[in-house]
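Chain residues, written in single-letter form:
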Amino acid sequence: CATGINMQAAHWLAPRMTRQCGNDFQEELVIRPLHSGDIYASFQFRTVWETDFMRGNKVSHYRLFPKSLGQVISKFSVRELHISFTQGYWRTMQWGQPFQPSPPGAELWVWFQDSVTDVDGTWKELTNVLSGIFCASLNFIDSTNTVQPSASFKPLGIGNETDHRFLRYATLPREIVCTENLTPWKKLLPCGSKAGLAVLLKSEKLFHSSFHSQAVHIRPVCQDWQCKTTSWELRQTLNVVFDLHNSAQGKREWSLFKMFSRTLTEACPLASSSKIYIDITDNPQGEQFEVSPATPLLSQAVVLGDRRTFSVYDLTQQITFGTVRSLNLLIRWKSSEGDMLRPLLHAERYVAGYGLQTGEIHTLMYNNHPYRSFPVLLLDSVPWYLRLYIHTLTVTSKGKDNKPSYIHYQPSKDRLRPHLLEMLVQLPPNSVTEVTVQFERALLKWTEYTPDPNHGFYVGSSVISSLVPSIVAMDTNSTRERPLFSSFFPCKEESSYFVRVYTEPLLVNLPTPDFSMPYNVICLTCTVVAVGYGSLYNLLTRSFQIEEPSPGLAKRIANIIRKMRGVPPL
Amino acid sequence: MGLLSDPNRRRALISLLTRLNSPICVVCYMAGVAWFMGLAFEPFTLRTYMSENAMGSTMVEERFPAGERALTTGREFSAHKKKAGGMPVDWLVKTMQARGLEVFTQRFSRKLPFPDENKERYMVKGTNVYGILRAPRAPRTEALVLSAPCTPGDSNNQAVGLLLGLAQYFRNQIYWAKDIIFLVNEHDLIGMQAWLEGYHHTNTTGMDWSPLQGRGGSIQAALSLELSSDVITSMDLVLEGLNGQLPNLDLANLFYAFCQKIGVLCTIQGKLQRNDWDSVSGYSHSVQTMMLMVMKQASGRPWGDHGLFLRYHIEAASIKGINSFRQYKTDVTTIGRLLEGMYRKLNNLLERLHQSYFFYLMPSLSHFVSIGYYMPAFGLLAVILLLRALDLWVQLATPPPRTEDGITDKEQVSSPGVLSVLTPLVISHLTGVALYTLPIQFQEMAVEQFPVSETEAVVLTAIGVYTAGLALPHNTHRLLSGEGTEQGWRVLKLVAVLYLAVLLGCTALINFSLGFILALTLVPVAAFVTPHVPKVLSAFILVILSPACTLLFSVFFFQELQELPVSFQEGWLLYLSVISQGILDHFLYGSLVYPLIALLVYPCWLLFWNILFWK
């Protein structure tokens, strides 16, 4: 294995070295021209390292894998870590399904190893450390917004442990994502933002978009097909959607330069593979849009249950950059905007009712499949200050009661933990399923209000996880040309695919006192109570009598004597 | 308080209050009215100022360029409206989609309790079209609304055109932090009610609507736009909403600030601002403006499409283009820039509008009277009731003077039974219930029996029940507990006076104008009525000051204020239509004025009527 000293030389001499020291780095960018005329760019950077952090193994020599994250994994005995920062809401109705779904704000979920004894304490420390690494307010994660989902979040890497005691899940819907979060994220890449696809990540363009999401996923994976030893995989993803109206200035064309204000000149020298994919499925004959420069390389893959075709640009081949030594992909739209999509599964959520006392949370889940029903797992985590009336929980589809087959409900504790509601609901075909639950707004203590209480309080997104019947399997018309032997049984191996849908977060107003002059109010109230109430009460309860002047000594003595004699006093 | 705990001084104070009761009451009444009239005097009022930091200090630029194109779109809309004979739904959906909005429609239908003759509608069916401009990188938690009603006939096409023009312009801007909903509602308030109920998934008035498909989170503010000509001379701001609710004063300040900045003539109640506050005509001008606001607020009905938003805690106002002051013209581009500026400022809001006042009166756009200033006027009227109650209480509590032969009057000593108070209370409230329910219940029967339309039937039944209430046998308690006693009417009046005080106090807290107008007429009645005053004259005064006659005078007064005086005949017809509109407002939008008058104020007034005819 190459040592650190000749690493630099190795770059120049053999730039396409693969599997250095059991390290492997791949980068790719998928560009999908969306139905609405917008454009979706999804970056993925994958680092795999054949090492073992588990069981207290001391690892001190890092190459491609970022040291900061490696230390976190070994110190806190993390088995799996998923963190995402998102600015904006993924518009499923216009854009279809994303490659990596994420809720608005920050989301963090971690599986700890079963050797961890104090999971809550470790979680607390971990969030504080991550807060520093990503320059985000993850330190606001505490017991009031952490839950342990029992079914919705299963480990994505290898491992058999699925005891949800070792899982922690939290979202911060208020978190605002900006350059300060992007910079530390870019620093985790082996090439930084110096070479390869990462040069495109200029923050002034990435945040001039309709949607921005960046994520880090760490999980153990198999080293080879025998799976005797594990490797650690770090995936850094960044998804961004550029708006046709805002960015294109009326011209319906996109280029790398227009999107990122950069063109590509080389791949990251440390990368074993560096590719750009352009989704041309909807454009087989080039009637929708036109891509230049053209590439002969095509690749097919089943993505999210749909068979997609991609043009591939391999950045490790010099020929890709052509004579000008730079690649500036250009996509020119030909057709006009389309209507809204009907994704097979999508969801929305809102607060119903008015007034500041009670309300109702409605969650709508749409199954647009024409004939298949499928089950979904709904996860709702509601802060304690919305007191859910769980007896009012109703699930209806097509006007009929739809009884969930599994319900896991953990009631909230004031100021300690949120409500957790998980349900397994069967969605009938072509239907809308409505989940409603009423709540009462709690009165907070006056120090518990945020500095901007009239803005409202956030409730994080619901998470809907499901295995959705795939579009490939839905394709029953046999007019398509394909071998007869392959099309007899309608079910295929990839008959369903996993989808996670996040609803929009909610903004709920709580009864808020007028903070403008608490001192005056307190003083005034106390004075009124003390003076007004005190003396009025005194007046009302006291009975007034005319007091007679006290009798003289002689009279008193006489009275005592009369009393002894049993005669009425004078 | 030491004064009260000393029995001698207490007795002195009480005797002073009872001896001087009538003069004090008269003084209080005069002072209350004078205070109220003083509110419109400019040196006594405060200048408006922007309280909200997020809107005050930030600068925005207005660059909307496309007024002419908006007018063209408006004409196109008008042509399609004519062709479709109503809302051109398909055209609107297509146009909004072409401007890059997410477009949704909502169908609704409503059968009115009785036909609305003013707007000629009974079975209402319509469609609302709205498009949502999704703010980039915003998680759909906050939204602003811009709405324009699609009215039959030729009016308001320019508003829809401008709305679409603004949508197109706004769509290309990057700075939006809140979703913006562009709503074109059919059948003005009914459509708005359906949309708001659909958006918040409530159903308060039993309307049928199809559920909404797209939402933008919690709505922070809304503006409703009404424009009927290509060029306007001034913009009028309408604030009064359902049940007399008003939007936060900062919304009015925002409008005023932008009118000043852009140089658009702005009015409130259709009245321009004047600078000569020290002249008599200047003062009477601001009194007129304020009285118009008071009358409109007291009516409890929404005076624009914005009025229904207020129930949902959404700050909203209507902006109307007026074309009357001939020397001054503003084109649509300028109005577009005005709205752009307002929306950009609202977009900057970090919190809901809450810094400024929710309770205020406006004698002009640049001056306001806050709740702390106008409440004493009402308080001075309400204190009369308390003084009278105290007087009655003392009269009831002190033992009757011994007659010369040393024997007390047996009849006066026996305290009146509960029945003698309860019976008139129950009877008058039952009359109130009848007034509330019968007009709607009996409209069909009335239409069959008499040659009147449904609306007339409802209104005439209401007036009939009201008048019949006066003739009811109020002295039924005599059958139960014998002759009405001197003590009896005093107890009844004490109850009635306190009842009226609580009623007016609560009303004034929610809707000051209504409470004040009712206090102005009912307090004298409550103060002077006894069984011993001359019957015929008092009865006449009592009827003149009853809630129904107050309404009649208000109609004439309102017309006078608007400088559209009417003859008695027209006024009477207007009066009938106002009653029917009031009943409709209650059933369609949940306005509370009709049930308040029918179920509480009228029975309370009947109690005083009862006292007058006590035997």
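These remarks concern the structure in this document. Every chain's residues receive numbers from 1 upward, in the order its sequence appears when written. Here the convention is simple: chains get letters from A, ligands get numbers from 1, in the order in which they are written. Per-residue local features are limited, in this predicted model, to residues with pLDDT of at least 70; the limit for side-chain atom pairs, both in listing and counting, is 80 or more; totals at the level of whole chains, interfaces and linings are taken over all residues. Heavy atoms throughout the structure, all of them, feed into the side-chain values; hydrogens and water do not.

### Observations concerning the sheet that holds strand β9 (residues 253-255) of chain A
Residues and elements named next belong to chain A. Stated precisely, the cut-off is as follows: At least two bridges found by DSSP between two strands is the condition for calling them paired. In this text, helices come from DSSP runs of H or I with a minimum length of four residues, and strands from runs of E with a minimum of two, each type numbered from the N-terminal end. The angle between two axes is taken between their N-to-C directions and runs from 0 to 180 degrees, where each axis is a line fitted to C-alpha atoms and a helix contributes only its stretch in contact.
One open sheet accounts for three strands, arranged β9-β14-β11; its pairing is antiparallel. Every interior strand has two partners, whereas the edge strands, β9 and β11 (289-292), have only one. Sheet twist, expressed as the mean angle between neighbouring strand axes with direction ignored, is 10°. With four bridges connecting them, β11 and strand β14 (residues 330-333) associate as antiparallel partners. When the bridges of β14 are listed, F289 appears paired with W333.

### With respect to the state of the cysteines
By definition, a disulfide is the covalent link that joins the sulfur atoms of two cysteine residues. Residue and element names in this part refer to chain A. Where we set the bar: Disulfides are defined as pairs of cysteine sulfur atoms found within 2.5 Å of each other. Only protein chains enter the area calculation, which uses a 1.4 Å probe; residues under 20% of their type maximum are buried, those over 50% are exposed, and those in between are partly exposed.
Under the defined criterion, the tally for this structure stands at one disulfide over all chains. The side chain of C191 participates in a disulfide bridge whose partner is C268; the two sulfur atoms lie 1.8 Å from each other. Looking down the S-S bond of the C191 and C268 bridge, the torsion is 65°, so its handedness is right-handed. Of the two residues, C191 sits in the loop between α5 (179-187) and α6 (203-206) while C268 sits in the loop between α8 (256-260) and β10 (273-279), which places them 77 residues apart along the sequence. Owing to a relative accessible area of 12%, C191 belongs among the buried residues under this scheme. For C268, a relative accessible area of 0% puts it in the buried group.

### Topic: the sheet that holds strand β3 (residues 121-133) of chain B
Residue and element names in this part refer to chain B. Just so we agree on the cut-off: Residue contacts are counted whenever heavy atoms from the two residues lie within 4.5 Å of one another.
What the nine strands build is an open sheet, ordered β6-β2-β3-β5-β4-β7-β10-β8-β9; its pairing is mixed. Of all the strands in the sheet, the pair left with one neighbour each is β6 (208-209) and β9 (266-268). Lying over the sheet, helix α22 (residues 568-589) contacts β2 (102-116) and β3, oriented at roughly 135° with respect to β2.

### Brief notes about the side chain of T146 of chain A
Residue and element names in this part refer to chain A. Here is the rule: Counted as a polar contact is a pair of N or O atoms within 3.5 Å, where, for protein atoms, one must be capable of donating a hydrogen and the other of accepting one, and residues adjacent in sequence contribute only when both atoms are in side chains.
On the secondary structure map, T146 appears in strand β5 (residues 146-147). On the basis of relative accessible area, T146 is assigned to the buried category, the value being 11%. Only 2.7 Å separates the side chain of T146 from the backbone oxygen of D142, close enough to count as a polar contact.

### Some points on the interface of chain A and chain B
Put simply, the rule reads: By convention, the term buried area covers the 1.4 Å-probe accessible surface removed from two parts as they join, with the contributions of both added. By salt bridge we mean one thing: a side-chain nitrogen of Lys or Arg within 4 Å of a carboxyl oxygen of Asp or Glu. Residues are sorted three ways: Asp, Glu, Lys and Arg are charged, Ala, Val, Leu, Ile, Met, Phe, Trp, Tyr, Cys and Pro are nonpolar, and all the rest, Gly among them, are polar.
Contacts between chain A and chain B engage 39 residues on the former and 40 residues on the latter. Carbon and sulfur atoms make up 54% of the area that chain A and chain B hide from each other, which totals about 3500 Å². The tally of links from chain A across to chain B stands at three salt bridges. With a shortest N-O distance of 2.8 Å, D243 of chain A and R171 of chain B are connected by a salt bridge. Here the element with the most residues in the side of chain A that touches chain B is strand β15 (residues 345-352) of chain A; it accounts for three residues. Split by residue class, the side of chain A that touches chain B holds 16 nonpolar, 15 polar and eight charged.

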